[in-house]
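# Examining the three-dimensional arrangement
Residue strings, one per chain:
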Amino acid sequence: DAGITQSPRHKVTETGTPVTLRCHQTENHRYMYWYRQDPGHGLRLIHYSYGVKDTDKGEVSDGYSVSRSKTEDFLLTLESATSSQTSVYFCAIRQGLYGYEQYFGPGTRLTVT
Amino acid sequence: EDQVTQSPEALRLQEGESSSLNCSYTVSGLRGLFWYRQDPGKGPEFLFTLYSAGEEKEKERLKATLTKKESFLHITAPKPEDSATYLCAVQEAYSGAGSYQLTFGKGTKLSVIP
């Protein structure tokens, strides 16, 4: 257990509304990541952070923004949700100085109607 | 072209019937290859990291091996509780400044029948 929580765990929202997902970690890890998981695509990186206020884009960043104002929280925002953003969203952290593996949170299932 | 390809997509085994899952990759420089297990409705659970060809890691009934082009996850005498989707991911040696990004395959769904 890498001490990662995600909220909300489930959300249904309407097209065009803004949505913010939260990832919270308790162990002061520097690197945090947001992925989405869709059938037929596997896990794809949306955005990542390598420190407070240090973020960058991943493979599928269009339509998403992120913020990290504190070490423990990494927020993913859908400015105007679309049906193509219906997915399961996972947060991950990179743990340790020499290990490259990532540890994942429990996920948020988002449905955009 | 996918950088990480897993096969088969799905595998059904009888309890006790050993088999292997394959992960082939095409990245030019490999920093590490990772195996995860994912149960329905949960986040991926880290299993192994392999860094160089010839390396092997074991955990209970699972053994992961690595060559220059592929990795195998061998499952010996599986039990129903080994049923899950197994994900493979690679990290390129030059994966963007500071990202340590993982590129995932689509997974193999394993079902072990009692």
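Quick look at the structure, then. (Residues numbered from 1 in each chain as written. Chains lettered and ligands numbered in written order. Predicted model: local features only at pLDDT ≥ 70, side-chain atom pairs only at ≥ 80, totals over all residues. Heavy atoms only, no water.)

In this section: the interface of chain A and chain B. If you look at the interface, chain A gives 23 residues, while chain B gives 22 residues. Carbon and sulfur atoms make up 57% of the area that chain A and chain B hide from each other, which totals about 1,700 Å². The interface formed by chain A and chain B contains zero salt bridges. At the level of secondary structure, the elements contributing two or more residues to the side of chain A that touches chain B comprise β4 (31-38), β5 (42-51), β9 (87-94) and β10 (102-104) of chain A. Here the element with the most residues in the side of chain A that touches chain B is β5 of chain A; it accounts for five residues. (Contact = heavy atoms within 4.5 Å. Buried area = accessible area lost by both parts, 1.4 Å probe. Salt bridge = Lys/Arg side-chain N within 4 Å of Asp/Glu carboxyl O. Helix = DSSP H or I, 4+ residues; strand = E, 2+ residues; numbered from the N terminus.)

Below, the discussion takes up the packing of aromatic side chains. Applying the stated rule across the entire model yields 13 aromatic pairs over all chains. With a centroid separation of 5.6 Å and an interplanar angle of 65°, the aromatic rings of Y103 of chain A and F46 of chain B are classed as edge-to-face. One end of the pair, Y103 of chain A, is in strand β10; the other, F46 of chain B, is in strand β5 (residues 45-50), on a second chain. Exposure remark for F46 of chain B: the relative accessible area of 17% places this residue in the buried category. Ring geometry for Y36 of chain B and F46 of chain B: centres 5.8 Å apart, planes at 70°, overall edge-to-face. Separated by 10 residues along the polypeptide, Y36 of chain B in strand β4 (residues 30-38) and F46 of chain B in strand β5 bring together distant segments of the chain. The class of Y36 of chain B is buried, set by a relative accessible area of 0%. (Phe/Tyr/Trp six-rings, centres within 6.5 Å; stacked < 30°, edge-to-face > 60°. Buried < 20%, exposed > 50% of the residue type's maximum accessible area, 1.4 Å probe, protein only.)

Within a regular strand, side chains alternate between the sheet's two faces. Residue and element names in this part refer to chain B. Of the two faces of strand β11 (residues 108-113), the one holding T108, L110 and V112 is buried and the one holding K109, S111 and I113 is not buried anywhere. Where strand β9 (residues 84-92) and β11 come together, three bridges link them in antiparallel fashion. Among the inter-strand pairings, A84 is bridged to a residue of β11, identified as L110. (Pairing = 2+ DSSP bridges.)

Within this model, the largest pocket holds a volume of roughly 850 Å³. In terms of lining, the largest pocket is formed by 37 residues, of which the most central are Q37, D38 and P39 of chain A together with Q38 and T85 of chain B. Among the elements of the structure, β4, β9 and β11 (108-112) of chain A together with β1 (4-7), β9 and β11 of chain B are those that each provide at least two residues to the lining of the largest pocket. For the lining of the largest pocket, the leading source of residues is β11 of chain A, giving four residues. (1 Å grid on protein atoms, 1.4 Å probe; cavity = no way out; pocket = protein on both sides within 12 Å on 5 of 7 lines; lining within 4 Å. Points joined across faces, edges and corners; volume = space filled by probe spheres on them.)

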